[in-house]
Each structure stands twice: as C-alpha cells, then as structure tokens.
Amino acid sequence: MSAPPGPVPQTDLTLLARRALAEVQRVFDAVPTDVPSAFVEEVLAAGRVALYGVGREGLTMRGLAMRLYHAGIQASVVGDMSAPPVAAGDLLIVSAGPGGFSTVDALLGVARAAGARTLLFTAQPHGSAARLADRVLTVPARTMADDHAGATTTAPPTLPMGSLYELSLWLLGDLLIAQLAARQNLSPEQLCARHTNLE
C-alpha cells in the first residue's frame, strides 16, 4: 500500500500561483478597452440591477451584486426571495462564460420582454446568449467550452475547467466597481457605510 501524498511544497505552490496569475494577466491584456466605460454607462443608466449566473459564475455575480449595493446601486440577485421584478429602465446582468446556458438564455428573453436592458459577460461573444443581450462584454478566458471542444494550447492550463474565466470575472467585477465608485466620487468610507453589520 503506497503512502498518501504529502503536502505540496511551498515552492511548487508559488510557481503554480505565478503561472495562474500570468494566465489571468493575459486575459486582462486581451479584455476590450471599452469594457469599463460600457459597464459604468449601463449601470448608471439603470433604475434597478438584477444579476444572475450559474454555478461558480453565479458566485461571482453574487459578489458583484454585493459590491454594486455598496456603491449605492439598487442591486439584487435573481432567485433571492427579495429580488424585485425587472421592468423598463432596469438592467439584467448575466454571465455565460461558455457562450450560453438554458437558464441564462431564458432569463435574457424574459428581461427583454419586460422592457429591461441586458448585459452579458462571456468568453464566447458569438454564443447563444450574446444573440439575446443588448450589451456583450467579452472576458477572453478559457472555459469548460474550450475543454469540450478539445482546444489545444502550447501548455496545459494551470487552473482547472472554467476557473480561469471565473477568477478573471471576479477580479474584473471588483475593478469595474472601482471605476464606478470613482465615477460617482465615492470614498472608501462611503462604500463601507453600506456594508452589513449583521455578521
């Protein structure tokens, strides 16, 4: 019986982290330059903002909803009990890294039928969700769609499955909130004042 594997040496973990961060940097090097202004424009023009994503992408959308709220935006997460309906003047923000999900595509249709605008984050700007969204913001990172398609790279990816997209989207969301806060002249104290005290 073989011995269980030991802990990963710190030097190996550091090397993996550097490789992963380099992959994230390449994503940001390729993010279109109009993404920050497009995001801020859509959010500030909206009455209310609803957000949705599936799986780990859904976690990034929840994090973005929280930060939007801290920036003074009426933001909610689709599926939460307190999420209001969307209507004309509102904005639905969704993520579909691989290009589309049945739930995302359906919600885009519902929001548009209600008169709301729709914004999509995706790594596949020619996917099914992009055809339904008013604004498409591309995050050009590897997703599970690339794995299923048998995409090849010069080196195997450091992060598994869709992690590169999800990690890049999380960081992008925080950077976009920083842009939004700057546009509104919000101080760190003003952002913190809206953080919950029920912890």
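Residues numbered from 1 in each chain as written. Predicted model: local features only at pLDDT ≥ 70, side-chain atom pairs only at ≥ 80, totals over all residues. Heavy atoms only, no water.

Trainee: I tried to follow the sheet that holds strand S1 (residues 49-52) on my own but got confused; where do I start?
Mentor: The strands making up a sheet are joined through hydrogen bonds of the backbone, oriented either antiparallel or parallel. With respect to topology, 5 strands assemble into an open sheet ordered S2-S1-S3-S4-S5, the strand pairing being parallel. Looking at strand neighbours, the two that pair on one side only are strand S2 (75-77) and strand S5 (135-138), the edges of this open sheet. The average undirected angle you get between the axes of adjacent strands in this sheet is 20 degrees. Pairing of S1 with S2, which is carried by 3 bridges, proceeds in the parallel orientation. The partner of Leu51 across the bridge, within S2, is Val77. In the packing of helix H2 (residues 35-45) onto the sheet, contacts are made with strand S3 (91-95), strand S4 (117-122) and S5, and the angle to S5 comes to roughly 145 degrees. Contacting S1, S2, S3 and S4, helix H3 (residues 55-70) runs over the sheet at an angle of about 160 degrees to S1. (Pairing = 2+ DSSP bridges. Helix = DSSP H or I, 4+ residues; strand = E, 2+ residues; numbered from the N terminus. Axes fitted to C-alpha atoms, helices over the stretch in contact; angles between N-to-C directions. Contact = heavy atoms within 4.5 Å.)

Trainee: Which parts of the structure should I look at to understand the packing of H2 against helix H6 (residues 163-183)?
Mentor: In helix packing, the relevant descriptors are the interaxial angle and the interaxial distance, both defined with respect to the helix axes. Orientation of H2 relative to H6, taken along the N-to-C sense of each, is 65 degrees, at an axis distance of 10 Å. Classified by chirality, the crossing of H6 by H2 is right-handed. On H6, the residues that touch Val35, Pro36, Phe39, Val40, Val43 and Leu44 of H2 are Leu172, Leu176, Gln179, Leu180 and Arg183. Residues that form the contact of H2 with H6 fall into these classes: 9 nonpolar, 1 polar and 1 charged. (Left-handed = near helix turned anticlockwise from the far one by under 90°. Nonpolar A, V, L, I, M, F, W, Y, C, P; charged D, E, K, R; others polar.)

Trainee: How do you make sense of the nonpolar core when you look at a structure like this?
Mentor: A general tendency of soluble globular proteins is for nonpolar side chains to be buried together. Among the nonpolar cores identified, the biggest contains 33 residues, and Phe39, Leu68, Ile93 and Phe121 are the most heavily contacted of them. Of all elements in the fold, only helix H1 (10-30), H2, S1, H3, S3, S4 and H6 reach the threshold of two or more residues within this core. Take this core: its biggest share by element is 7 residues, from H6. In this structure Ile93 touches Phe39, Val43, Val49, Ala50, Leu51, Tyr52, Met61, Leu68, Leu119 and Phe121, once residues within four positions along its chain are discounted. By size, the runner-up hydrophobic cluster in this structure holds 13 residues, among which are Ala111, Ala116, Leu120 and Ala130. (Core = buried A, V, L, I, M, F, W, Y, C linked by side-chain atoms within 4.5 Å. Buried < 20%, exposed > 50% of the residue type's maximum accessible area, 1.4 Å probe, protein only.)

Trainee: Can you help me understand the pattern of salt bridges in this one?
Mentor: Any two side chains of opposite charge can pair, on the condition that their charged atoms come close. This structure, assessed with the given rule, holds 8 salt bridges. The residue Arg48 makes a salt bridge to Asp90 at a minimum N-O spacing of 3.3 Å. Taken together, the residues Arg48 in the loop between H2 and S1 and Asp90 in the loop between S2 and S3 connect sequence positions 42 residues apart. Note on Arg48: relative accessible area 29%, which makes it partly exposed. You can call Asp90 buried: its relative accessible area is 8%. One salt bridge in this structure joins Asp80 and Arg62, with 3.3 Å as the shortest N-O distance. (Salt bridge = Lys/Arg side-chain N within 4 Å of Asp/Glu carboxyl O.)

Trainee: Looking at this structure, I do not really get the packing of H3 against H6. What am I missing?
Mentor: Two numbers describe how H3 lies on H6: the axes approach to 9 Å, and their chain directions differ by 10 degrees. Judged by the angle between their axes, H3 and H6 are roughly parallel. Between H3, through Arg56, Glu57, Leu59, Thr60, Met61, Gly63, Leu64, Arg67 and Leu68, and H6, the contact on the second element is made entirely by Ser163, Tyr165, Glu166, Leu169, Trp170, Gly173, Asp174, Ile177 and Leu180. In terms of residue class, the contact of H3 with H6 is made up of 9 nonpolar, 4 polar and 5 charged. (Parallel < 35°, antiparallel > 145°, perpendicular 65-115°, else oblique.)

Trainee: How do you make sense of the side chain of Thr122 when you look at a structure like this?
Mentor: Within the secondary structure layout, Thr122 lies in strand S4. Polar contacts involving the side chain of Thr122 include one to the main-chain carbonyl oxygen of Ala96, which spans 2.6 Å. Thr122 has contacts with Ala96, Gly97, Gly99, Val136, Leu137, Thr138, Val139 and Tyr165, leaving out every residue within four places of it along the chain. (Polar contact = N/O pair within 3.5 Å; in protein donor to acceptor, adjacent residues only side chain to side chain.)

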